[in-house]
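Below are the chains, spelled out letter by letter.
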Amino acid sequence: MREGFTRVVCGVDGRRLGFEAARQAARLTSPEGRVTLVGVVELFAALAGRWGEEPARRRPRTSDDRSLDECVAELTERAQASLAWAEAQTAGAAEVRSRVVEGEVHDGLLGAAGQEDADLVAVGAHGGGRLTGALLAEAAALVLHDAPCSVLVARHGFDPARFPVRVVVGVDGSEESLAALEAASGIRRRAGGTLVVVTAGADQDAAVAALDGLADPHERVATPERPVDALTTAARTADLTVVGSRGLHGRQALGSVSERV
């Protein structure tokens, strides 16, 4: 069983949660693995002079003496500075790379994930509500829906130096939940923390059967609550929640447990 991801792509966008994503991604990368930090320069952001949480430096529709190439070059320089800072947060990975790409954020990250044959893509949480994130085409929501591999949506960790101390995983007996359990067990084993297995709903026979062969020490939370409610409740005392994804897209994804969690 693997004890870390080996090829990780992490989006760095100048926000604090982007840097947090880099730190957490490095903690989840195996000792022989590689983290590729990616800064994506969007055309609109370049024209506005917007990067990270800083306010825009100019109005995109206002004419000034800057050409498009100059705007892109300016934003590229700021992205490179953020990548250099993020590299300092990724201690533990055997190899760290960084690069700047142009285009839409989600396309840039998904493209990098494909080129790197990534088994994990990390992004900072978009900070909005579920529907707000989807309707505004936030990168975190789009990557979560469309990535061909596991996705880490990073929020601020309780103890960044020891992340992840407490790992929560939802199990319902499905193949997707068993894959999540395997990943969570490997992460717990490497970090030395606590594994909390959540089973929810009225019928838990399949989940109980799936746990019969689990040798890893763990706590179990069994509740008749809906899976979404049970997982979000358990997550309040954890710093990493692992949920299997069934590969749903579009409106279907808005009703999936993984997207809602």
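Thresholds, definitions, all that
- Residues numbered from 1 in each chain as written.
- Predicted model: local features only at pLDDT ≥ 70, side-chain atom pairs only at ≥ 80, totals over all residues.
- Heavy atoms only, no water.
- Salt bridge = Lys/Arg side-chain N within 4 Å of Asp/Glu carboxyl O.
- Helix = DSSP H or I, 4+ residues; strand = E, 2+ residues; numbered from the N terminus.
- Buried < 20%, exposed > 50% of the residue type's maximum accessible area, 1.4 Å probe, protein only.
- Axes fitted to C-alpha atoms, helices over the stretch in contact; angles between N-to-C directions.
- Left-handed = near helix turned anticlockwise from the far one by under 90°.
- Contact = heavy atoms within 4.5 Å.
- Nonpolar A, V, L, I, M, F, W, Y, C, P; charged D, E, K, R; others polar.
- Pairing = 2+ DSSP bridges.
- Core = buried A, V, L, I, M, F, W, Y, C linked by side-chain atoms within 4.5 Å.
- pLDDT = per-residue confidence, 0-100.

A. Local environment of the pattern of salt bridges. In this structure the tally under the stated criterion is 11 salt bridges. The shortest N-O distance in the salt bridge between Asp117 and Arg7 comes to 3.8 Å. You can see Asp117 sitting in the loop between α4 (105–116) and β4 (120–124) and its partner Arg7 sitting in strand β1 (residues 5–11), a full 110 residues away along the chain. Look at Asp117 and you get exposed, because its relative accessible area is 52%. Close ionic contact of Asp229 with Arg226 constitutes a salt bridge, the shortest N to O distance being 3.0 Å. Overall, the relative accessible area of 27% leaves Asp229 in the partly exposed class.

B. The arrangement of the packing of helix α1 (residues 16–27) against helix α3 (residues 68–87) in detail. Contact geometry of α1 with α3 gives a least axis separation of 9 Å together with a crossing angle of 40°. Here the hand of the crossing between α1 and α3 comes out right-handed. Contact residues: α1 offers Phe19, Ala22 and Arg23, while α3 offers Ser82, Trp85 and Ala86. Taken together, the residues of the contact of α1 with α3 sort by class into four nonpolar, one polar and one charged.

C. View of the sheet that holds strand β8 (residues 219–223). The strand order β8-β7-β6-β9 describes an open sheet built from four strands, whose pairing is parallel. For this open sheet the edge positions go to β8 and β9 (240–242), each flanked by a neighbour on one side alone. When strand polarity is set aside, the average angle formed by the axes of neighbouring strands in this sheet is 20°. Bridge count for strand β6 (residues 166–170) against strand β7 (residues 194–200) is five bridges, and the pairing is parallel. When the bridges of β7 are listed, Arg166 appears paired with Thr194. Contacts from helix α7 (residues 175–191) reach β6, β7 and β9, with the element oriented near 170° to β6. Relative to β7, helix α9 (residues 227–235) is tilted by about 155°, and along the sheet it contacts β6, β7, β8 and β9.

D. View of the environment of Ala180. With respect to the helices and strands, the residue Ala180 is situated in helix α7. In this structure Ala180 comes out as buried when scored by relative accessible area, which is 5%. Once the C-alpha coordinates of Ala180 and Thr241 are considered, the two residues, 61 residues apart in sequence, prove to be 9.7 Å apart. Those residues in contact with Ala180, other than ones at most four positions away along the chain, are Val169, Val242, Val243 and Gly244.

E. Seen up close, the nonpolar core. Residues Leu28, Leu37, Val169, Val197 and Leu240 are the most contacted members of the largest nonpolar core, which totals 33 residues. In terms of nonpolar packing, the next biggest core, distinct from the first, is built from 14 residues, Val38, Val40, Val101 and Ala112 among them.

F. Layout of the confidence of the model for the protein. With 85% of its residues at a pLDDT of 70 or more, the protein shows a mean pLDDT of 83. In the model, residues 129–137 has pLDDT below 50 throughout and makes 10 contacts with residues more than four positions away in sequence or in other chains. Note that residues 250–254 has pLDDT below 50 and, in this model, eight contacts with residues that lie over four places away or in other chains.

G. The arrangement of the environment of Val197 in detail. Along the polypeptide, Val197 turns up in strand β7. Judged by its relative accessible area of 0%, Val197 falls in the buried class. Sequence separation between Val197 and Leu211 is 14 residues; the distance between their C-alpha atoms is 9.0 Å. Here Val197 is in contact with Val169, Val171, Leu181, Leu211, Leu214, His218, Glu219, Arg220 and Val221, once residues within four sequence places are set aside.

H. Representation of the sheet that holds β1. Strands sit in the order β3-β2-β1-β4-β5 across an open sheet of five strands; the sheet is parallel. The sheet terminates laterally at β3 (95–102) and β5 (150–154), the two strands that pair on one side only. Strand-to-strand twist in this sheet, taken as the mean axis angle between neighbours without regard to direction, amounts to 20°. Relative to β5, β4 runs parallel, the two being bridged by five bridges. Of the residues in β5, the one forming a bridge with Val121 is Val151.

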